[in-house]
Amino acid sequence: MAFSKWPFLKKIKTNHEKNNQITIIPEHVAIIMDGNGRWARQQGLPRIAGHKQGMDNVKRIVEVANAYQIKILTLYAFSTENWKRPEKEVNYLMKLPHDFLKVYLPDLIKENVKVEMIGHFEQLPSHTKKSIQHAIDQTKNNTGLILNIAMNYGGRSELVEVAKSIAGDVQNNKVKIDQIDEKLINDRLFTGHLPDPDLLIRTSGEIRLSNFLLWQLAYTEFWFTDTYWPSFSRHEFEEALQAYQQRKRRFGGL
Ligand code: V07
């Protein structure tokens, strides 16, 4: 062992590792994967190239989440507002689920990852729906990480749909007004079967929610970084996990 010649070096390394151990793991991590376009511009590439790099980074981060035994990873891939982008960009984005799954679905199956989706599924192009539905079907019995993709998702429209659904049930006497409580609302969200996120990460320096999981983030810890999504690395993900456990420790000590 090379270190035994320099015991002081070994000591430094051991302490370093000990102090940085990640032991309190969030069960559910949500990520706003922002900055793909800015990453591309910085590299002198078209925006679409940023989306492609961002897509490949999804797989890298899924591997890290899996390694830490995070149970649910919810990723904001396409919002209800993103339809306003140039048609060419929207068309490209709608092909990404297929491109992603063509390359990575076999790995996800091997790694016991379960693919799920939240958002308005019906309004997606049929080729996009087909790719996603195939991945959901192929992984439905997997018991590892839930890779929960938010596609055509908006927090307000999710709550509008919940309101309509409850109002309908009140109208046909299935639900009494007194029975409307937080649990009833929660159960009707796209995420009704999932615990709320413990940690929200947003890349690319924007410090806002952009209509993501409005109800579900009520008690979530937030972590922001200036790094653009395609450059968001394992190391930085670990920094976010460190920060999360520090906050939990402080909370427990009060
Ligand atoms: C998208 C890459 C990540 C950065 C954010 C915007 C672009 C992966 C998917 C995906 C979707 C469904 C699925 C598996 C993977 C994806 C869109 C955009 C629309 F089942 N990345 N990614 N979908 N980007």
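Everything below is about the structure printed above this text.
The rules behind these values
- Numbering of residues starts from 1 in each chain and follows the order in which that chain's sequence is written.
- This being a predicted model, a pLDDT of at least 70 is required before a residue's local features are given, and a value of 80 or more before pairs of side-chain atoms are given or counted; all residues contribute to the totals for chains, interfaces and linings.
- The side-chain figures draw on all heavy atoms in the structure; neither hydrogens nor water molecules are used.
- A run of H or I in DSSP counts as a helix once it spans at least four residues, and a run of E counts as a strand once it spans at least two, with each numbered from the N terminus.
- For the exposure calls, accessible area comes from a 1.4 Å probe over protein chains only, and a residue counts as buried if that area is under 20% of its type's maximum, exposed if over 50%, partly exposed in between.
- Any pair of residues with heavy atoms lying within 4.5 Å of one another is described as a contacting pair.
- Within this scheme the basic residues Lys and Arg register as positive and the acidic residues Asp and Glu register as negative, but His and the chain ends are omitted.
- Throughout, a charge is located at the NZ atom of Lys, the CZ atom of Arg, the CG atom of Asp or the CD atom of Glu.
- Under the convention used throughout, the expected extent of a helix is 1.5 Å for every residue step, that is, one less than its residue count.
- An arc is given here, and it is the one of the directions from the helix axis to the C-beta atoms.
- At least two bridges found by DSSP between two strands are what make those strands a pair.
- Simply put, an axis is a line fit to the C-alpha atoms, just over the touching stretch for a helix, and the angle between two N-to-C directions goes from 0 to 180 degrees.
- Pairing of aromatic rings covers Phe, Tyr and Trp, the last through its six-membered ring, and needs centres within 6.5 Å; plane angles under 30 degrees mean stacked, over 60 mean edge-to-face, and all others mean tilted.
- Proximity is defined per residue: if any heavy atom of the residue lies within 4 Å of a molecule or strand, that residue is considered near it.
- Shrake-Rupley sampling with a 1.4 Å probe provides the accessible areas, and residues are treated as covered by the protein chains on show and by no other component.
- Classes in brief: Ala, Val, Leu, Ile, Met, Phe, Trp, Tyr, Cys and Pro nonpolar; Asp, Glu, Lys and Arg charged; the others, Gly included, polar.
- Residues belong to a common nonpolar core when they are buried Ala, Val, Leu, Ile, Met, Phe, Trp, Tyr or Cys residues joined through side-chain atoms within 4.5 Å.

(A) A look at the overall build of the chain. The helix and strand inventory of the chain stands at 8 helices and 6 strands. For the chain, the α and β elements follow one another from N to C terminus as α-β-α-α-β-α-β-α-β-α-α-β-β-α. Along the first, second and third principal axes, the C-alpha atoms of the chain reach 80 × 50 × 35 Å. Here the chain holds 254 residues, and 44% of them are scored as buried. When contacts within the chain are restricted to residue pairs at least 6 apart in sequence, those whose partners lie at least 24 apart make up 75%. Counting 35 positive and 29 negative side-chain charges, the chain places the centres of these two groups 5 Å from one another.

(B) Representation of helix α5 (residues 126-139). The first and last C-alpha atoms of α5 sit 20 Å apart over 14 residues, in line with the 20 Å expected at 1.5 Å per residue. Here α5 has its buried residues at Thr128, Lys129, Ser131, Ile132, Ala135 and Thr139. The buried residues of α5 occupy an angular sector of 165 degrees when projected down its axis, which confines them to one face. In α5, those exposed residues whose orientation departs by more than 90 degrees from the buried face are Ser126 and Lys130. For α5, the secondary structure elements touched by its buried residues are α4 (87-110), β3 (114-118) and β4 (146-153).

(C) Focus on the sheet that holds β3. Taking strand neighbours across the sheet as the criterion, the 6 strands line up as β3-β4-β2-β1-β5-β6 in an open arrangement whose pairing is parallel. Looking at which strands have only one partner, the edges of the open sheet turn out to be β3 and β6 (221-224). For this sheet, the mean inter-axis angle between neighbouring strands, taken without regard to orientation, is 20 degrees. Sheet analysis places β3 next to β4, joined by 5 bridges and oriented parallel. Counted as the bridge partner of Val115 is Leu147 from β4. Packing of helix α3 (residues 47-67) onto the sheet brings it into contact with β1 (28-32), β2 (72-79) and β4, and relative to β2 it is tilted by some 160 degrees.

(D) Geometry of the packing of aromatic side chains. Considering all chains together, one arrives at 9 aromatic pairs under this definition. Geometrically, the ring pair formed by Phe78 and Trp83 is edge-to-face, given 4.8 Å between the ring centres and 70 degrees between the ring planes. A relative accessible area of 33% places Trp83 in the partly exposed class. Cluster of aromatic residues (ring-pair linked, three or more members): Tyr76, Tyr153, Phe190 and Phe212.

(E) Structural view of the site of the ligand. As a matter of local geometry, the ligand sits amid 16 residues, with Asn36, Met55, Leu93, Phe100 and Met151 nearest to it. For the ligand, whose unbound accessible area comes to 510 Å², protein coverage reaches 98%. Put simply, the parts of the chain that give the shell around the ligand at least two residues each are α3, α4 and β4. The element best represented in the shell around the ligand is α4, accounting for 5 residues. Looking at the shell around the ligand residue by residue, the class counts come to 13 nonpolar, 3 polar and no charged.

(F) Spotlight on the side chain of Glu238. By secondary structure assignment, the location of Glu238 is in helix α8 (residues 234-253). Exposure remark for Glu238: the relative accessible area of 19% places this residue in the buried category.

(G) Geometry of α3. Look at α3: 31 Å from first C-alpha to last across 21 residues, which is about the 30 Å you get at 1.5 Å a residue. What α3 keeps buried is the set Gly50, His51, Gly54, Met55, Asp56, Asn57, Val58, Lys59, Ile61, Val62, Val64 and Ala65. At the exit of α3 stands Gln69, carrying a positive phi of roughly 60 degrees.

(H) Spatial organisation of the nonpolar core. Within the largest apolar cluster, 45 residues are counted, with the highest numbers of intra-cluster contacts made by Ile31, Leu73, Ile201 and Phe237. Top contributing element to this core by residue count: α4, with 10 residues. Not counting residues within four places of it along the chain, the set of residues in contact with Ile201 comprises Val29, Ala30, Ile31, Ile32, Trp223, Phe232, Phe237 and Ala240. Counting residues in each nonpolar core, the second largest holds 10 residues, with Ile118, Ala150, Phe212 and Leu213 among its members.

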